[in-house]
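Chains, contacts and geometry: an overview
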Amino acid sequence: MTTLTHRARRTEIGKNSEKKVESEEDTNQDRSPDNEDSGDSKDIRLTLMEEVLLLGLKDKEGYTSFWNDCISSGLRGGILIELAMRGRIYLEPPTMRKKRLLDRKVLLKSDSPTGDVLLDETLKHIKATEPTETVQTWIELLTGETWNPFKLQYQLRNVRERIAKNLVEKGILTTEKQNFLLFDMTTHPVTNTTEKQRLVKKLQDSVLERWVNDPQRMDKRTLALLVLAHSSDVLENVFSSLTDDKYDVAMNRAKDLVELDPEVEGTKHSATEMIWAVLAAFNKS
């Protein structure tokens, strides 16, 4: 699907890409103490999809790289992980015939609204679908990558724009119109650079100062975001502000993390299966 990029690509990334925003659940009911970083701000709550898009945006230009063809599916993977972490969906239990993460179906646990339009739209699709589908199939359906015309109804449209509008409402982005010779494009430059800086710093610390060398001991949302940033090809943006030595360490540790066997990690105690199932789906693509 995508690979960890090298230092040479850093010229494409804006100077402000080191900025960070913190991540949290949408309500106190959805939050778990094990999945929070007590050092982060609790003022702005972002979904995993919002965090991935924020990491992928060029700060001043307000759009993602034209060469990035991975972020669309990465955002859909983020939707599935977010729903799982909020207790709305889960993977069917393993059986003798279906032990692999990619063979197990996505099942509905609760259809209670999340308050996020994209999450609730996806939840509605999952609830109405019979027979049930796997994680990889859902990513393809939500992205619109299917040859079955009867399945096109499951495609989530204008996802980046809808997520960007959420970030505008939360005061992190703004909306502008830019002319690109042949067409006009709506862009969303970053206005709250402090929040993006917090997000970037959090991910940098997770593979440097706070590195635990064990994904099961990592904060679950941080682990999910590292996996999604890799799958969406925006991890380079996260580490670009580091010195060369720290950059190499961060990239190598992130590479080691995403190259772990999802089938093995997903069976470990307290593992969040959906994170590893999404990684397995992207590794197979």
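See the structure shown above.
Described below are features of the structure shown in this document. (Residues numbered from 1 in each chain as written. Predicted model: local features only at pLDDT ≥ 70, side-chain atom pairs only at ≥ 80, totals over all residues. Heavy atoms only, no water.)

So, helix α9 (residues 244-258)
Rules: Here a strand is any run of E in DSSP of at least two residues, a helix any run of H or I of at least four, and the numbering for each starts at the N terminus. A helix is expected to span 1.5 Å for every residue after the first. Between buried and exposed lies partly exposed: a residue is buried under 20% and exposed over 50% of the maximum accessible area for its type, with that area taken using a 1.4 Å probe on protein chains only. What the arc measures is the spread of directions leading from the helix axis to the C-beta atoms. Only heavy atoms matter for contacts: two residues are in contact if any of them lie within 4.5 Å across the pair.
Spanning 15 residues, α9 covers 21 Å between terminal C-alpha atoms, matching the ideal 21 Å at 1.5 Å per step. Those residues of α9 not exposed but buried are Y247, A250, M251, A254, L257 and V258. Viewed end-on, α9 has its buried residues packed into an arc of 125 degrees, placing them on one side of the element. In the core, the buried residues of α9 are packed alongside α6 (193-207), α7 (220-231), α8 (235-239) and α11 (273-284).

Brief notes about the environment of Y247
Along the polypeptide, Y247 turns up in helix α9. In sequence terms Y247 and Q204 are 43 residues apart; their C-alpha atoms lie 9.2 Å from each other.

Section: the environment of G144
When you line up the elements, G144 lands in the loop between α4 (135-143) and α5 (159-169). On the basis of relative accessible area, G144 is assigned to the partly exposed category, the value being 21%. Through-space distance from the C-alpha of G144 to that of R157 is 8.6 Å; in sequence the pair is 13 residues apart. Ignoring anything within four residues of it in the chain, the contact list for G144 reads L152 and Q155.

A word on the pairing of strand β4 (residues 184-187)
Heads up, the condition is: Strand pairing is defined by DSSP finding a minimum of two bridges between the two strands.
Along β4, the buried face is formed by M185 and T187; none of D184 and T186, which line the opposite face, is buried. Across four bridges, strand β3 (residues 176-179) lies against β4 in antiparallel orientation. What sits directly across from K177, in β4, is T186.

Points about the nonpolar core
For clarity, the threshold we go by: Residues enter a nonpolar core if they are buried and are Ala, Val, Leu, Ile, Met, Phe, Trp, Tyr or Cys, with the set joined through side-chain atoms within 4.5 Å.
Formed by 74 residues in total, the largest nonpolar core has its most connected members in L55, L80, I81, I89, V135, F239 and M274. Take this core: its biggest share by element is nine residues, from α11. If we ignore the near neighbours within four places in the chain, the residues touching L55 are K196, L199, V200, L203, L225, A229, V234, N237 and V238.

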